[in-house]
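# What the coordinates show
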Amino acid sequence: MADELALLIADVYETAGALRRWGQRVASAEGRTQAQWQLLSVLSGPPLTVPAAARRLGISRQAVQRTAHELVDDGLAHVIANPDHRTAGLLQLTDHGHDALSRMAVRAAEDHRELLVDLPLTDVTHARALLRELVTRLRAADRV
């Protein structure tokens, strides 16, 4: 079983790399980077601090800060006051940011349909459930 988990982990890393390359193609069609797309997506919900967004994405605060500056400079996001912290503002999408995210989502959905054409939905659902369970267990192990 441990060998199978090691192989699954290797497959996940390979899949992640392929998805990053695919994501870059989708984002670049809208004049954005894959990192910008990821941050736009994370910011599509409630406003977040840069460290909170970094935790959600599983990357460094510095990487998110650079991308956040790009989004703010391009008018896709803005910083609003944080009632819980005087100096750590909250990032929030602008209408322009929501529009950019929506356009990328439409492009991605078209590609998703092509990717899934011969895959049974139950297989995709089971794969997601397994990955979510692994994430839950890994997060629990981090807290120990």
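Just above, that's the structure.
In short, a report on the structure. (Residues numbered from 1 in each chain as written. Predicted model: local features only at pLDDT ≥ 70, side-chain atom pairs only at ≥ 80, totals over all residues. Heavy atoms only, no water.)

From N to C terminus, the chain includes six helices and two strands. Reading the chain from its N terminus to its C terminus gives the helix and strand order α-α-α-α-β-β-α-α. Once the C-alpha set of the chain is aligned to its principal axes, its extents read approximately 50 × 40 × 20 Å. When each of the 144 residues of the chain is scored for burial, the buried share is 26%. Once local pairs closer than 6 in sequence are excluded, the contacts in the chain between residues at least 24 apart make up 47%. (Helix = DSSP H or I, 4+ residues; strand = E, 2+ residues; numbered from the N terminus. Buried < 20%, exposed > 50% of the residue type's maximum accessible area, 1.4 Å probe, protein only. Contact = heavy atoms within 4.5 Å.)

Right, let's talk about the nonpolar core for a bit. Trp37, Leu39, Leu40, Leu43, Leu71 and Met104 are the most contacted members of the largest nonpolar core, which has 24 residues in total. Listing elements by their share of this core, those giving two or more residues are α1 (2-28), α2 (34-42), α3 (50-57), α4 (61-73), β2 (90-93) and α5 (95-115). Those residues within four positions of Trp37 in sequence are excluded, and the remaining contacts are Trp22, Gly23, Val26, Ala27, Leu101, Met104 and Ala108. (Core = buried A, V, L, I, M, F, W, Y, C linked by side-chain atoms within 4.5 Å.)

Applying the stated criterion to the full structure yields four salt bridges. The shortest N-O distance in the salt bridge between Arg32 and Asp74 comes to 2.7 Å. With Arg32 in the loop between α1 and α2 and Asp74 in the loop between α4 and β1 (77-80), this residue pair connects regions lying 42 residues apart in the sequence. Taking relative accessible area as the criterion, Asp74 reaches 38% and is therefore assigned partly exposed. Through salt bridges with shared partners, a single ionic network connects Glu30, Arg103 and Arg107. (Salt bridge = Lys/Arg side-chain N within 4 Å of Asp/Glu carboxyl O.)

Here α4 spans 18 Å end to end across 13 residues, near enough to the 18 Å set by a 1.5 Å rise per residue. For α4, the full list of buried residues reads Ala63, Val64, Thr67, Ala68 and Leu71. The buried residues of α4 occupy one face: seen down the axis, they fall within an arc of 130 degrees. Away from its buried face, by an angle of more than 90 degrees, α4 presents the exposed residues Arg66 and Asp73. In this structure, the buried side of α4 is in contact with α2, α3, β1 and β2. Just past α4, the residue Gly75 takes up positive phi, approximately 75 degrees. (Expected span 1.5 Å × (residues − 1). Arc of directions from axis to C-beta.)

Another point: a positive patch on the surface. A cluster of basic residues, Arg56, Arg128, Arg132, Arg139 and Arg143, forms a positive patch at the surface. Ranked by residue count, the leading element in the positive patch is helix α6 (residues 121-143), at four residues. By the secondary structure assignment, Arg132 is in helix α6. Residue classification places Arg132 among the partly exposed residues on the basis of a relative accessible area of 43%. (Patch = residues over 30% accessible without salt bridge, like charges linked within 9 Å, V, L, I, M, F, W, Y side chains within 5 Å. Areas by Shrake-Rupley, 256 points an atom, 1.4 Å probe, with all protein chains shown as cover. Lys, Arg positive; Asp, Glu negative; His and termini not counted. Charge placed at Lys NZ, Arg CZ, Asp CG, Glu CD.)

Honestly, that's just the spatial picture; any functional story needs more than this.
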